[in-house]
Amino acid sequence: MSMAGRPLLDYTLESLFLNGVNEVILYLSNSPSSIRSWLATSKWSQDLPTVCRPLNISIIVNEDCRSVGDACRDLDEKGIVRGDFLLVSGDLVASVKLEQVVEKHRARAAVDKHSIMTKVYMQAQPGNCLRTRGSEVVLACDKATQQILFYQRSGQAAYNFPVELFQHDEVSVCYDLSDPGISVCHPAVLALFSDNFDIQDMDTLTAEILESDLVDSTIYMESLVEGMAARAFSPYMFLTLSNMVMSRWFYPLVPPSKSFKSGGNNVYRGMDCEVGKGSLLEEEVLLGHGSVVGAGSSLTQTSLGSNCVIGKDCVLSNCVLEDGVTLGSLVVLNNCIIGKGAIIPNGVKIGGKVILGAGVELREGVTIPDGARMIATDEDDWGGDDDIADDET
């Protein structure tokens, strides 16, 4: 999926490259052929001579993988990770510098032989757009060493802190954090997943380390103030990060300058774009190559893929449209994500926060309620109801 003119995975690989990473293991559970095809034509191509590759990327495909835990257990069994590593998701967008975090992690490991992980958090006060349900955490750590003593996802009315916290001289309790899903790990992390087959995610593993008497490992934290880092793990975060990239909050991670001409108010235009008379491109707008915006239409905080067609008098606000989307006239979209090749004819009423999958084609006059999710499916082999009735008679 594309974000502001670049595949989302491109931002993740760029973030790793900017932090001096040389080797990447790309663990895939679906769409391996499309990802391989994109990599082969990108600057990350492994067909380049070794000295010319920005990253050396190894791809592992496991269609049976359903979680981070499954992936880590598989990697542990294969035995291909032998040193400290960064564990991130493929939806990470980050402009932070991690060199010092890695150095501190290694320094702690030299002193504390039980140290296996350093989790990275971003400073984010309440009200920050990157603080969303699922990314906020409440934790307590030793003020001197930054060892995590208590960890819990936020959203609860009350928190029960263990009595053991008061055995430390000074304890910091933090709520002003967001979790971008970046962890510096020792290979022992993979072994812990193997030892606990019921653990599927990093939160459960963290709780096991902190609460179990059978695990003597320790975890530390680093809270970063400079730079930005977040995951596009939900539709809200995907739209938010798309707008922030266009606003250049994640510099140097920005829309590709070679492909788009940028203007005032962070408006980007690809090649061969057409904008009709009276149309308004307000702010944070990206028009993909060959896209057409009809007369009298208004776009704000919206990204269009290549070869999109927007009809007359449409209003789009905080939306992402993939390649080849067609909108008729008088279509209003608000906080929507529209998949590749979708067709919305004239006057269709679309509610807010709607997601249409690739190839969805709506009929004229329909109304789509708020929050709807729709996908396109091929006709099944059973035929329609009329066919079934004919067979029964």
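Some points on the pairing of strand β9 (residues 148–153)
For step 1, the next point in the chain: Taken together, the 5 bridges between strand β8 (residues 137–142) and β9 define a ladder with antiparallel strand orientation. Of the residues in β9, the one forming a bridge with Cys141 is Ile148.
For step 2, the next point in the chain: Between β8 and the antiparallel strand that follows it, β9, lie 5 residues; Gln146 among them carries a positive phi value of about 70°.

Brief notes about the sheet that holds β9
In a beta sheet, neighbouring strands pair by backbone hydrogen bonds and run either parallel or antiparallel.
For step 1, the next point in the chain: Spatial strand order, β9-β8-β10: 3 strands in an open sheet with antiparallel pairing. The open sheet has two free edges, formed respectively by β9 and β10 (171–174), since each of these has just one partner strand. When the angles between neighbouring strand axes are averaged without regard to direction, this sheet yields 5°.

Structural notes on the state of the cysteines
For step 1, the next point in the chain: For the structure shown, the criterion picks out 0 disulfides.
For step 2, the next point in the chain: Free of any disulfide, Cys129 has its nearest neighbouring cysteine sulfur in Cys319, separated by 17 Å.

Quick word on the pattern of salt bridges
For step 1, the next point in the chain: On inspection of all chains with the given rule, the structure shows 12 salt bridges.
For step 2, the next point in the chain: A salt bridge links Arg6 to Glu14, with the shortest nitrogen-to-oxygen separation between them at 3.8 Å.
For step 3, the next point in the chain: Across the salt bridge formed by Asp179 and Arg153, the nearest N and O atoms sit 2.8 Å from each other. A residue pair is termed long-range when its members are at least 10 positions apart, and Asp179 in strand β11 (residues 177–185) and Arg153 in strand β9 qualify at 26 residues.
For step 4, the next point in the chain: Here the salt bridges do not stand alone but share partners, grouping Arg6, Asp10, Glu14 and Lys43 into one network.

Digging into unusual backbone geometry
For step 1, the next point in the chain: Residue Tyr251 is joined to Pro252 through a cis peptide bond whose omega torsion reads 15°.
For step 2, the next point in the chain: Although it is not a glycine, Asn266 sits at a positive phi angle of roughly 55°.
For step 3, the next point in the chain: Position of Asn266 among the secondary structure elements: in the loop between β14 (261–263) and β15 (267–269).

What to know about the packing of helix α5 (residues 188–195) against helix α6 (residues 202–211)
For step 1, the next point in the chain: The interhelical angle for the contact between α5 and α6, taken along N-to-C directions, is 90°, at an axis separation of 11 Å. Between α5 and α6, the interaxial angle falls into the category roughly perpendicular. For the pair formed by α5 and α6, the contact residues are Val189, Leu192 and Phe193 on the first element and Met202, Leu205 and Ile209 on the second.
For step 2, the next point in the chain: Each residue belonging to the contact of α5 with α6 can be placed in one class, and the counts come to 6 nonpolar, no polar and no charged.

Reading the values: rules and limits
Residues numbered from 1 in each chain as written. Predicted model: local features only at pLDDT ≥ 70, side-chain atom pairs only at ≥ 80, totals over all residues. Heavy atoms only, no water. Pairing = 2+ DSSP bridges. Helix = DSSP H or I, 4+ residues; strand = E, 2+ residues; numbered from the N terminus. Axes fitted to C-alpha atoms, helices over the stretch in contact; angles between N-to-C directions. Disulfide = S-S within 2.5 Å. Salt bridge = Lys/Arg side-chain N within 4 Å of Asp/Glu carboxyl O. Parallel < 35°, antiparallel > 145°, perpendicular 65-115°, else oblique. Contact = heavy atoms within 4.5 Å. Nonpolar A, V, L, I, M, F, W, Y, C, P; charged D, E, K, R; others polar.

Keep in mind that these numbers describe shape and distance, not what the molecule does.
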